[in-house]
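Notes for the structure review
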Amino acid sequence: MKDFTDKMLQRFLKYVTFDTESVDENVAVPTSEGQFVFARYLENELREMGLTEITLDEKGYLYATLPANCDEDIPVVGFIAHLDTSPDMSGKDVKPRVVRSYGGGDIVLCAEDDIVLRVSDFPEVEDYTGHDLIVTDGHTLLGADDKAGIAEIISAVEYLQAHPEIKHGKIRVAFNPDEEIGRGAHNFNVPLFGCDWAYTVDGGSEGELEFENFNAGSALFTIQGRNVHPGYAKGKMLNALRVATAIVESIPSNESPEQTEGYEGFYHLMSINGGVDKAEVSYIIRDHDKAIFEKRLSYMNEVAGKMNAVYGDGTVTVEVKRQYANMREKIEPMMHIIELAKNAMQEAGVTPEVKPIRGGTDGAQLSFMGLPCPNMFAGGINFHSRYEFVSLQVMEKAMMTIVRIAEGVARSAE
């Protein structure tokens, strides 16, 4: 096992050197050239490994097959991870470092700039005492989200190739761009992928298994004010920024991300832009419960109506959009795929932790595109930040969970 783990580590350390930050403002697919560079690198790696049915399309979506090694009629299962890193923090010139046998306490990422992964800020780091931790130098994110997932999937395929005694059906793998900006599934070719179901390997801590996510929407308030010279403004000026403030005060502050957890939904203020004459207020809206989610969307229209009643008709308009839905309704008819993953985790020495995603996942969109696709752990902690890290031992368990899922699918078909 050590040889496979060491090779997975080297693979991961190479992967994070690719600058694959997605760019929300770009309409091209993928939104950054670095994602395509990385996809081509992975394409060559998969070819050298002897995988078949390899396709890299013009949008940077990479698909490949590990053929079955037994004759039974076995469902085709897929494993998916994304190429890009978050625009929340630079992913350029990542300099990873391995902290061998972490002994607890703070980890100095960059002494010169006093960048420290402090236990007081991130107490969960001491849960990994004794592990080999991969960290950054504090000036970039690491990219475990989701290059750890890619390394684990490819390493699991390599493990299966080296152990033909482990019987498995046809395994499909896919690596897609632009997940971090919500577009990863938009151009995913589900018919070409050809799976009965799949798993995104894009979760966080060891044992995470998720098949519920937020229903997601957005609201953009546009405020038309009336600007005049402030010295002569009495009875004339309508300050769009003051209206923006009134909108914010109308949204329950105890239903914000920093005040909620678990299944609790929220309104998240994203931005306030503009001036006296015109301003915009942007929110995202999230809730696991579909009925409550619909009420949240309706409430944003009510807020606009209340503002117009106070400040005059036409002062405020709001554009409310639905973004993605909770995949639970698509997974519940196929709960055997959740039980399969839980059993595989236990066989890999992992305690399953089934929990809702307080966010989105490509798997949610894919589930509504006809590919049931829960999400499993990849091991990264503190995603999207300079304090991101991942345990090599947890990556090994993720790799072996993938192996045991493949084995379990074949076993269930006997």
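This section reports on the structure supplied with the text. These figures come from a predicted structure and were not determined experimentally.

Conventions used here
- Residues numbered from 1 in each chain as written.
- Predicted model: local features only at pLDDT ≥ 70, side-chain atom pairs only at ≥ 80, totals over all residues.
- Heavy atoms only, no water.
- Helix = DSSP H or I, 4+ residues; strand = E, 2+ residues; numbered from the N terminus.
- Rg over C-alpha atoms; globule rule 2.2 N^0.38 Å.
- Buried < 20%, exposed > 50% of the residue type's maximum accessible area, 1.4 Å probe, protein only.
- Contact = heavy atoms within 4.5 Å.
- Areas by Shrake-Rupley, 256 points an atom, 1.4 Å probe, with all protein chains shown as cover.
- Lys, Arg positive; Asp, Glu negative; His and termini not counted.
- Charge placed at Lys NZ, Arg CZ, Asp CG, Glu CD.
- Phe/Tyr/Trp six-rings, centres within 6.5 Å; stacked < 30°, edge-to-face > 60°.
- Axes fitted to C-alpha atoms, helices over the stretch in contact; angles between N-to-C directions.
- Parallel < 35°, antiparallel > 145°, perpendicular 65-115°, else oblique.
- Nonpolar A, V, L, I, M, F, W, Y, C, P; charged D, E, K, R; others polar.
- Patch = residues over 30% accessible without salt bridge, like charges linked within 9 Å, V, L, I, M, F, W, Y side chains within 5 Å.
- Salt bridge = Lys/Arg side-chain N within 4 Å of Asp/Glu carboxyl O.
- Pairing = 2+ DSSP bridges.

1. Topic: the overall build of the protein
Each helix and strand counted, the protein has 10 helices and 18 strands in total. The C-alpha atoms of the protein give 24 Å as radius of gyration, which agrees with the globular expectation for 414 residues (22 Å, within 12%). The buried share of the protein, reckoned over its 414 residues, is 55%. The long-range share in the protein, meaning contacts at least 24 apart out of those at least 6 apart in sequence, stands at 79%. As presented, the protein carries roughly 17700 Å² of accessible surface, and 48% of it is formed by carbon and sulfur atoms. Within the protein, one finds 38 positive and 66 negative side-chain charges whose respective centroids are separated by 5 Å.

2. Section: the packing of aromatic side chains
One pass over the structure, following the stated rule, counts 15 aromatic pairs. A ring pair is formed by Phe18 and Tyr41, whose centres lie 5.1 Å apart and whose planes are at 50°; its orientation type is tilted. Here Phe18, found in the loop between α1 (2-15) and α2 (33-49), pairs with Tyr41, found in helix α2; they are 23 residues apart in sequence, far enough to count as distant. On the accessibility criterion, Phe18 (12% relative accessible area) is buried. A relative accessible area of 32% means that Tyr41 is categorised as partly exposed.

3. Observations concerning the packing of α1 against α2
At a minimum axis distance of 12 Å, the contact between α1 and α2 shows a crossing angle of 155°. Viewed along their axes, α1 and α2 adopt a mutual orientation that is roughly antiparallel. Contact with α1, carried on its side by Arg11, Lys14 and Tyr15, involves Phe38, Tyr41, Leu42 and Glu45 of α2 and no other residues of that element. Grouping the constituent residues of the contact of α1 with α2 by class yields 4 nonpolar, no polar and 3 charged.

4. Digging into a negative patch on the surface
A cluster of like negative charges, contributed by Asp106, Asp121, Glu126 and Asp127, occupies part of the molecular surface. If you trace the backbone, Glu126 turns up in the loop between β6 (115-117) and β7 (133-135). Looking at Glu126, the relative accessible area reads 36%, which means it is partly exposed.

5. Focus: the pairing of strand β11 (residues 215-224)
Most of β11 is tucked away: 7 of the 10 residues are buried. As defined by bridge partners, β11 adjoins strand β14 (residues 316-324) across 8 bridges and the pair is classed as antiparallel. Looking at the pairing, Ala219 lines up with Val320 of β14.

6. Some points on the pattern of salt bridges
The tally for this structure, following the rule as stated, stands at 22 salt bridges. Put simply, Glu45 and Arg11 hold a salt bridge, and the shortest N to O gap is 2.7 Å. Of this pair, Glu45 sits in helix α2 while Arg11 sits in helix α1, placing them 34 residues apart in sequence. Both residues of the pair, Glu45 and Arg11, belong to the buried class. Among the ionic pairs, Lys355 bridges to Glu208, the shortest N-O distance being 3.6 Å. With Lys355 in the loop between β15 (353-354) and α9 (362-368) and Glu208 in strand β10 (residues 208-210), this pair connects stretches of sequence that are 147 residues apart.

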